[in-house]
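The residues making up each chain are set out below.
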Amino acid sequence: MKTKRVAAIDCGTNSVRLLIADISGDDLTDVERRMEIVRLGQDVDRTGRLAPEALERTFTAMRGYAKLIREHSPDGAVPVRVVATSATRDAANRADFVSGVRDIFGVEPEVVSGDEEARLSFTGATRGLAGSAAETPYLVVDIGGGSTEFVVGSRSVEGALSVDIGCVRLTERHLHDDPPGAEAVEAAVADIEAAMDRVEESVPVRTARTLVGLAGSVTTVAGIALGLPAYDPARIHHSRIPAERVHEVSARLLRMTHDERAAIPVMHPGRVDVIGAGALILDRIVRRYGFPEVVVSEHDILDGIAWSLA
């Protein structure tokens, strides 16, 4: 069977990521997988615009990714898809982002809808679960910087919704103190619960048998719960974190100072100030729907973008 090399770029509110992969049939093999914290969504919730310094951080990371793509495609034939999500959807000056990406990669970035983001996340997360012990339907939750996607399905999507709760957005709205006070946490919880009210109106979340958690907030919580001495994607991928451990880790992170969070071995420096909000979102999802555990996936929208090019 012929192998096809593809390049996927996911530009979110907090990070920009690259996956260069070889796809053959139902197999996806990493060639390069990179992530840079760029905080593209800096102050977007407040200003409605992408900050010039945030755009430049993002373009700097992307120029490095374009160089890697060229190095892994000597014939120049590797298809590239650039997907941008919550922060760019919300920005009045997103044309500045679009023109910058076009200059770097030579392709038009797709500022996808929340529903399309949810479907790509579902594809990326669940292809590797086929044949596992995980019961269907799945509830896939992708906790990003600006939004969280809720997707229910088995082999295909049965319902999906993207809501504007994310680790960066909630931190900028509510969690200003270090550590945040009880009233600030309660205000963040109220936002999360209101968003989940909207989700339940259109997505059959109560039918799901397995909760699958994606993205950096979830994988960081998993690494802490597992007590890893360093971030280890192989140990984290498809780990099962009991609900009790999710609650413990979330509460602990919200009580810690910036320096205490920064000292956690699995913590990426770019997540230190927003991990409390991300963990809180996961905690409230687990509590509301009564899942006994969360299955953690290192594969997400980035893998879904790659599969879409196969």
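Up top is the structure these notes are about.
One numbering rule holds for all chains: residues counted from 1, following each sequence as written. Side-chain atom pairs in this predicted model are given and counted only at pLDDT of 80 or more, local residue features only at pLDDT of at least 70, and totals for whole chains, interfaces and linings cover all residues. Note that water and hydrogens are dropped before the side-chain values are worked out from all heavy atoms of the structure.

### Topic: the nonpolar core
Argument step 1. Here, nonpolar core refers to any group of buried Ala, Val, Leu, Ile, Met, Phe, Trp, Tyr and Cys residues whose side-chain atoms link them within 4.5 Å. Think of it in three bands: residues with accessible area under 20% of the maximum for their type are buried, residues over 50% are exposed, and the middle band is partly exposed, with areas taken using a 1.4 Å probe on protein chains only. By size, the foremost hydrophobic cluster in this structure holds 54 residues, and its most contacted members are Leu139, Phe150, Leu211, Leu253, Leu282, Ile285 and Tyr289.
Argument step 2. If you list the elements that add at least two residues to this core, you get strand 6 (138–143), strand 7 (148–153), helix 6 (167–173), helix 7 (182–202), helix 8 (216–225), helix 10 (243–255), helix 12 (275–289) and strand 11 (293–297).
Argument step 3. Comment: elements are numbered from the N terminus, with helices defined as DSSP H or I runs of at least four residues and strands as E runs of at least two. Broken down by element, this core gets its largest block of residues, 9 residues, from helix 12.
Argument step 4. Setting aside chain neighbours within four positions, we find tyrosine 289 in contact with Leu139, Phe150, Met196, Glu200, Val205 and Arg206. For this analysis, residues touch if any pair of their heavy atoms sits within 4.5 Å.

### Thoughts on the sheet that holds strand 1 (residues 4–11)
Argument step 1. Strands are treated as partners if at least two bridges between them are detected by DSSP. Read from one edge to the other, the open sheet built from 5 strands follows the order 3-2-1-4-5, with strand pairing classed as mixed. Both edges of this open sheet fall to strand 3 (27–37) and strand 5 (110–111), since each of them pairs with a single strand only.
Argument step 2. As judged from the 5 bridges shared by strand 1 and strand 4 (residues 80–84), these two strands associate in the parallel manner. Within the sheet, the bridge partner assigned to aspartate 10 lies in strand 4 and is valine 83.
Argument step 3. Strands in contact with helix 13 (residues 301–308) are strand 1, strand 2 (15–24), strand 3 and strand 4; relative to strand 1, the strand with the most contacts, it is inclined by about 140 degrees. With axes taken as lines fitted to C-alpha atoms, and helix axes fitted only over the stretch in contact, angles between N-to-C directions fall between 0 and 180 degrees.

### What to know about the sheet that holds strand 8 (residues 157–163)
Argument step 1. Taken together, the 6 strands give an open sheet; going across it, the order is 8-7-6-9-11-10, and neighbouring strands pair in mixed fashion. Unpaired on one side and paired on the other, strand 8 and strand 10 (240–242) mark the two borders of the sheet. Taken over all neighbouring pairs, the strand axes of this sheet differ in orientation by 25 degrees on average, direction set aside.
Argument step 2. The sheet contact formed by strand 7 and strand 8 spans 6 bridges and is antiparallel. Among the inter-strand pairings, valine 151 is bridged to a residue of strand 8, identified as alanine 160.
Argument step 3. The sheet contacts of helix 8 involve strand 6, strand 9 (210–214), strand 10 and strand 11, and relative to strand 11 the element is tilted by about 115 degrees.

### Topic: helix 12
Argument step 1. Helix length check: helix 12, at 15 residues, gives a terminal C-alpha distance of 22 Å against a target of 21 Å (1.5 Å per residue), a fit within 8%.
Argument step 2. Of all 15 residues making up helix 12, 12 are buried, and the element is well covered by its neighbours.
Argument step 3. Listed in full, the buried residues belonging to helix 12 are Ile275, Gly276, Ala277, Gly278, Ala279, Leu280, Ile281, Leu282, Asp283, Ile285, Val286 and Tyr289.
Argument step 4. Looking one or two residues beyond helix 12, the residue adopting positive phi is glycine 290, at roughly 70 degrees. What a helix should span is 1.5 Å times the count of its residues minus one.

### Describing the state of the cysteines
Argument step 1. Note on disulfides: each one is a pair of cysteine sulfur atoms within 2.5 Å. Evaluation of the coordinates by the stated rule reveals 0 disulfides.
Argument step 2. Cysteine 11 forms no disulfide, and the closest cysteine sulfur to it belongs to cysteine 167, at a distance of 14 Å.

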